[in-house]
Amino acid sequence: MWSRRSRWSAARSSLFVMLFAVLTLGWTAAPVTAEPGTARQTNPGSMPGGWVNTQWGPLGPADRDLLIKVRQAGLWEMPAGELAAERAASARVKEVGRIIADQHADLDRQTLQAAARLGVALPSVPNNDQEDFLDQLAQLRGDAFDRAYAQLLRDAHGKVFTVISGVRAGTRNEMVRSYSETANDAVMTHMRLLESTTFVNYDALPEAPPPPPGAAAMAAAAQAAGLPGLPASPGFDPAVIWVVLAAAVVAAVATTTRMLRRR
């Protein structure tokens, strides 16, 4: 049987622990905001990693890589379109090749302009893999050309498409942000054009990257439990944390009250 003093001591300890937990978890759940009158740091120019300042905002390695990859793509896809006009059997492949070559020429001009203003050095010749693609196409005619052309270019566009979307989502540079939208529209149009030839083998394209580890299991568990779903990036919801803490406080108070009333 606890003495009255022991019960008071246990009650105080329980309340102190719960108060500490509330303050600690509440602080970690609260969003971090800047103090009034201060601006969030947006200039990583002094940080390592190849960032530089421009009048359109910070320019990072991913921004430069985007310009390089789009320029590199045009260096072989424009001559590939010319080959399509000469060697394709399908009228649609000839048409698609001409459209893609013309649009890449326009996109290439915009790429060169953006790179010149941002101080980004660009390649001037196709890389080894692209030279191999052009050599492969130059040896084909008719239906074999049609299939190889559609497949090679659709595969290449899918790869650069992921680069463009990643840069558009995270760039800090205003010019790159606008340029990435232009490039994204062009690449999306080209993928649709290539698919319209009916020669694209989707099973031969690279698979989409897998979701983060554990995401599939969490989604399956949510579905099995009848829940609407879980966020793609699992994290703590501050509102849920506060509800749990409030319930814990109520339980602690009830327990303490029973202990104090016990004789």
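Relevant structure appears above.
Notes on the structure follow. The residue numbering used here restarts from 1 in each chain and proceeds along that chain's sequence as written. The model is predicted, so local features are restricted to residues of pLDDT at least 70 and side-chain atom pairs to those at 80 or more, both for listing and for counting; the totals for chains, interfaces and linings are taken over all residues. Note that the side-chain values use all heavy atoms of the structure and ignore hydrogens as well as water.

Section: the overall build of the chain
Assigned secondary structure in the chain consists of 8 helices and 0 strands. Secondary structure is summarised from DSSP: a helix means a run of H or I of at least four residues, a strand means a run of E of at least two, and numbering begins at the N terminus for each. The helix and strand sequence of the chain, counted from the amino end, reads α-α-α-α-α-α-α-α. With 263 residues in all, the chain has 33% of them scored as buried. Here, residues are in contact when the closest pair of their heavy atoms is within 4.5 Å. Considering only intrachain contacts with a sequence separation of at least 6, the fraction spanning at least 24 residues in the chain is 78%. Each residue gets one of three labels from its accessible area relative to the maximum for its type: buried under 20%, exposed over 50%, partly exposed in between, using a 1.4 Å probe on protein chains only.

Some remarks on the packing of helix α3 (residues 91-118) against helix α6 (residues 174-196)
Across the interface, α3 lies against α6 with an axial gap of 10 Å and an inter-helix angle of 170°. Comparing the axis directions of α3 and α6 gives the class roughly antiparallel. Along the contact surface, α3 presents Arg92, Val96, Ile99, Ile100, Gln103, His104, Leu107, Gln110, Thr111, Ala114, Arg117 and Leu118, while α6 presents Met175, Val176, Tyr179, Thr182, Ala183, Ala186, Thr189, His190, Leu193, Leu194 and Ser196. Here the contact of α3 with α6 is built from residues that sort into 13 nonpolar, 8 polar and 2 charged. Axes, fitted as lines to C-alpha atoms, cover a helix only where it is in contact. Angles between the N-to-C directions of the axes lie from 0 to 180 degrees. By definition in this entry, angles of less than 35 degrees are roughly parallel, angles greater than 145 are roughly antiparallel, angles of 65 to 115 are roughly perpendicular, and the rest are oblique. Asp, Glu, Lys and Arg are counted as charged, while Ala, Val, Leu, Ile, Met, Phe, Trp, Tyr, Cys and Pro are counted as nonpolar; the rest, among them Gly, fall into the polar class.

Description of the packing of aromatic side chains
Two rings belonging to Phe, Tyr or Trp (six-membered ring only in the last case) form a pair when the distance between their centres is within 6.5 Å. Interplanar angles under 30 degrees mark stacking, angles over 60 mark edge-to-face geometry, and anything in between is tilted. Within this structure, the stated rule accounts for 2 aromatic pairs. Centre to centre, the rings of phenylalanine 145 and tyrosine 149 are 5.8 Å apart; their planes meet at 15°, and the pair counts as stacked. Of the two residues, phenylalanine 145 and tyrosine 149 are both situated in helix α5 (residues 142-170); the distance of 4 residues between them amounts to about one turn of the helix. Exposure class is identical for phenylalanine 145 and tyrosine 149. Each is buried.

Some words on the side chain of histidine 157
Note that histidine 157 resides in helix α5. For histidine 157, a relative accessible area of 1% gives the class buried. Side-chain atoms alone can form a polar contact between residues adjacent in sequence; in general such a contact is a pair of N or O atoms within 3.5 Å, and within protein one must be able to donate a hydrogen while the other accepts it. At a separation of 3.2 Å, a polar atom in the side chain of histidine 157 contacts the side chain of glutamate 77. Separated by 3.1 Å, the side chains of histidine 157 and histidine 190 make a polar contact. Apart from residues no more than four positions distant in its own chain, histidine 157 is found in contact with Glu77, His104, Val187, His190, Met191 and Leu194.

Quick notes on the environment of glycine 74
Along the chain, glycine 74 turns up in helix α2 (residues 61-87). Separated by 33 residues in the primary sequence, glycine 74 and leucine 107 have C-alpha atoms spaced 8.2 Å apart. Each residue touching glycine 74, except ones within four places of it in the same chain, is listed here: Pro79 and His104.

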